[in-house]
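# Close look at the chain arrangement
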Amino acid sequence: MAQLDTQQKLEILADAAKYDASCASSGTAKRNSRDGKGIGSTEGHGICHAYAPDGRCISLLKILLTNSCIFDCHYCINRKSSNVRRARFTAQEVVNLTLAFYRRNYIEGLFLSSGIIRSSNYTMEQMVEVARSLREDHHFRGYIHLKTIPDADPELVHQAGLYADRVSINVELPTVGGLKRLAPEKDGARIEGAMRDVKASIADTGDARKKYKSAPKFAPAGQSTQMIVGADSATDGDIVTRASNLYDRFGLRRVYYSAFSPIPDASSVLPLQRPPLMREHRLYQSDWLMRFYDFTPAEVVSAADDATGMLPLDIDPKLAWALKFRDRFPVDVNRAPREMLLRVPGLGVKAVNGILTSRRWRKLRLDDIARLTVSVAKLRPFIIAEDWRPVVLADRAEIRPLVAPKRQQLELFAA
């Protein structure tokens, strides 16, 4: 095989990294190089594709160390038996690329994952060396996210957390059965064991830093994971339940969902078509309901179709839940507790906070609620205000056509 130059390797390994969704950079420690002793910052405004909750765009160099792999997971484009062009960076090449891109103001940090070469320990050693060199040899203070390998020695994973802002360990698939069928070389218990070790290390270093300011930080942006959606028979209910379990047990910052994409020379055990991308979007909305709207996993699952376990694609999960449990509505915006206001379709967290603050001083009318939301039409069947009671709407047998978003044809060159 002809020797590849750095540009060719970058084309191959950046493209191979596109299937990793877990590259947000929120929640990390604030660092900068204003003292003149280092390079990089985690506080600047970026120019690329990863976004923090406050709206900042964080630019990351997102690559694989190599797309060669000794494993043969059916769903993976880089599996051992896949007929793809292979490439591999050395640790020093990744370090040089990161620094060169940063100095040109292209990036603010690095997201590094890898196929497994030789062994899990060898691959993890190479990834840790990248982070170590950036931090210690070049005093890089930008963001680093390492995708760790659960089969690697726990000490190597621990070292990764000492250098990286965030570490992630993929659970790959929502169910144990799906993992055994599509990735038989991976062990679900070992994956969870590695996640448990990371959680313990985060807690231990957090306690140490309360006593000693000089104690090292460990993955200050926490850990995350990713699940593939649509490669196995798991329902949306299965996925939501699994995600909630992961949040509770391992203190994850995020669970990411990646819709399965058919790959060349695919295994016969894989579906022939990708799932609708809207399914991935609905799962993210469900995740948001559990994290910020105080929905329990059981409530989110109850919004799914009883027969299929799938969330509706044409309406969001919150609206689906409200339509399924119409006996809980309408809600009086002047008297209802916060938890019920959060369940009203069309009311976000900021709107609910605004309602709770305003109603301390006066009775809220429908116009007052309209000023807090994008569209009051969606809310009217579900709320009571000082001058509004949805008597006619509440008596209708079917209100879905009134509140569901209207279908529209998108235009590529619309003004």
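As a reminder, the structure under discussion sits directly above these lines.
Quick caveat, the model's predicted, so the values are computed rather than measured.

### Quick word on the overall build of the chain
Along the backbone of the chain there are 15 helices and 10 strands. A sequence separation of at least 24 residues applies to 67% of the contacts in the chain between residues at least 6 apart. Summed over its atoms, the accessible surface of the chain is roughly 20,700 Å², and 52% of this surface lies on carbon and sulfur atoms.

### What about the packing of aromatic side chains?
Using the criterion set out here, one finds eight aromatic pairs in the structure. Note on Tyr257 and Tyr284: the rings are 5.2 Å apart at their centroids and 80° apart in plane angle, and the pair reads as edge-to-face. One end of the pair, Tyr257, is in strand 8 (residues 254–259); the other, Tyr284, is in helix 8 (residues 277–292), with 27 residues separating them in the sequence. Measuring from ring centre to ring centre gives 5.3 Å for Trp321 and Phe325, while their planes differ by 35°; the resulting arrangement is tilted. By the ring-pair criterion, three or more aromatic residues cluster together here, those being Phe295, Trp321, Phe325, Phe329 and Phe382. The positively charged end of Arg343 is found above the aromatic ring belonging to Phe295, 4.5 Å away from the centroid.

### Here's the deal with helix 8
Over its 16 residues, helix 8 extends 23 Å from the first C-alpha to the last, a length consistent with the 22 Å expected when each residue adds 1.5 Å. Of the residues making up helix 8, those classed as buried are Arg279, Arg282, Leu283, Ser286, Asp287, Leu289 and Met290. Down the axis of helix 8, the buried side of the element spans an arc of 155°, and every buried residue falls inside it. Positive backbone phi, at 60°, marks Asp294, one or two positions downstream of helix 8.

### Observations concerning helix 3 (residues 120–137)
The end-to-end C-alpha separation of helix 3 is 25 Å, in line with the 26 Å expected for 18 residues at 1.5 Å each. Looking at the packing, one finds that the buried side of helix 3 touches helix 2 (91–103), strand 4 (109–113), strand 5 (143–147) and helix 4 (154–163). Of the residues trailing helix 3, His139 is marked for its positive phi of about 55°.

### Let's talk about empty space enclosed by the protein
Summed over all chains, the structure comprises one cavity of 30 Å³ or more. Its volume calculated, the largest cavity comes out at about 710 Å³. If you trace the largest cavity, you find 33 residues lining it, with Tyr75, Cys76, Asn170, Glu172 and Lys186 closest to the centre. Going through the elements one at a time, strand 7 (223–229) and strand 8 are the ones with two or more residues in the lining of the largest cavity. A class-by-class count of the residues in the lining of the largest cavity yields 17 nonpolar, nine polar and seven charged.

### Some points on the pairing of strand 5
Burial within strand 5 is extensive, with five of its five residues counted as buried. Across the two faces of strand 5 the burial is the same, with Tyr143, His145 and Lys147 and Ile144 and Leu146 all buried. Inspection of the sheet shows strand 4 paired to strand 5 by four bridges, in the parallel sense. From the neighbouring strand, Phe111 faces strand 5, where its bridge partner is His145. Crossover connection from strand 4 via helix 3 to parallel strand 5: handedness right-handed. With respect to chirality, the unit in which strand 5 leads through helix 4 into the neighbouring parallel strand 6 (residues 166–168) is right-handed.

### Considering the pattern of salt bridges
For the structure on display, the rule yields 19 salt bridges. In this structure, Glu192 engages Arg242 in a salt bridge whose closest nitrogen and oxygen atoms are separated by 2.9 Å. Here the residue Glu192 occupies a position in helix 6 (residues 188–211), and Arg242 occupies one in helix 7 (residues 236–250), the gap between them amounting to 50 residues. Where Arg365 meets Asp387, a salt bridge forms, and the shortest distance between an N and an O atom there is 3.5 Å. Taken together, the residues span a long stretch of sequence, with Arg365 in the loop between helix 12 (349–358) and helix 13 (366–370) and Asp387 in the loop between strand 10 (383–384) and helix 14 (391–395) at a distance of 22 residues. According to the relative accessible area criterion, Arg365 is partly exposed, its value standing at 43%. Sharing partners across several salt bridges, the network here consists of Glu129, Arg132, Glu136 and Asp137.

### With respect to the side chain of Lys318
Mapped onto the fold, Lys318 is located in helix 10 (residues 317–324). For the buried Lys318, no salt bridge is present, and the opposite-charge side chain at shortest range is Asp316, 7.1 Å distant. Within the structure, Lys318 has its side chain in polar contact with the backbone oxygen of Leu347 (distance 2.6 Å). When sequence neighbours within four positions are dropped, the list of residues in contact with Lys318 reads Leu289, Tyr293, Phe295, Leu342, Arg343, Val344, Pro345 and Leu347.

### Side note on the environment of Phe382
In this fold, Phe382 is placed in the loop between helix 13 and strand 10. Classification of Phe382 by relative accessible area gives buried; the value is 1%. The sequence separation of Phe382 and Arg343 amounts to 39 residues, and the corresponding C-alpha distance is 9.6 Å.

### A closer look at the sheet that holds strand 6
Ordered by their spatial adjacency, six strands build an open sheet running 3-4-5-6-7-8, and the pairing between neighbours is parallel. The two strands at the open ends of the sheet, each matched to only one other strand, are strand 3 (60–64) and strand 8. Between one strand axis and the next, the sheet turns by 20° as a mean value, whatever way the strands run. Judged from the six bridges that link them, strand 7 and strand 8 form a sheet pairing that is parallel. Looking across to strand 8, one finds that Ile228 is bridged to Ser258. Contacting strand 3 and strand 4, helix 2 runs over the sheet at an angle of about 160° to strand 3. Against the sheet, helix 6 contacts strand 6 and strand 7, and its axis sits at roughly 155° relative to strand 7.

What counts, and where the lines are drawn
- Residues numbered from 1 in each chain as written.
- Predicted model: local features only at pLDDT ≥ 70, side-chain atom pairs only at ≥ 80, totals over all residues.
- Heavy atoms only, no water.
- Helix = DSSP H or I, 4+ residues; strand = E, 2+ residues; numbered from the N terminus.
- Contact = heavy atoms within 4.5 Å.
- Areas by Shrake-Rupley, 256 points an atom, 1.4 Å probe, with all protein chains shown as cover.
- Phe/Tyr/Trp six-rings, centres within 6.5 Å; stacked < 30°, edge-to-face > 60°.
- Lys NZ or Arg CZ within 6 Å of the ring centre and 35° of its normal.
- Expected span 1.5 Å × (residues − 1).
- Buried < 20%, exposed > 50% of the residue type's maximum accessible area, 1.4 Å probe, protein only.
- Arc of directions from axis to C-beta.
- 1 Å grid on protein atoms, 1.4 Å probe; cavity = no way out; pocket = protein on both sides within 12 Å on 5 of 7 lines; lining within 4 Å.
- Points joined across faces, edges and corners; volume = space filled by probe spheres on them.
- Nonpolar A, V, L, I, M, F, W, Y, C, P; charged D, E, K, R; others polar.
- Pairing = 2+ DSSP bridges.
- Right-handed = clockwise from strand over helix to strand, strands pointing away.
- Salt bridge = Lys/Arg side-chain N within 4 Å of Asp/Glu carboxyl O.
- Lys, Arg positive; Asp, Glu negative; His and termini not counted.
- Polar contact = N/O pair within 3.5 Å; in protein donor to acceptor, adjacent residues only side chain to side chain.
- Axes fitted to C-alpha atoms, helices over the stretch in contact; angles between N-to-C directions.

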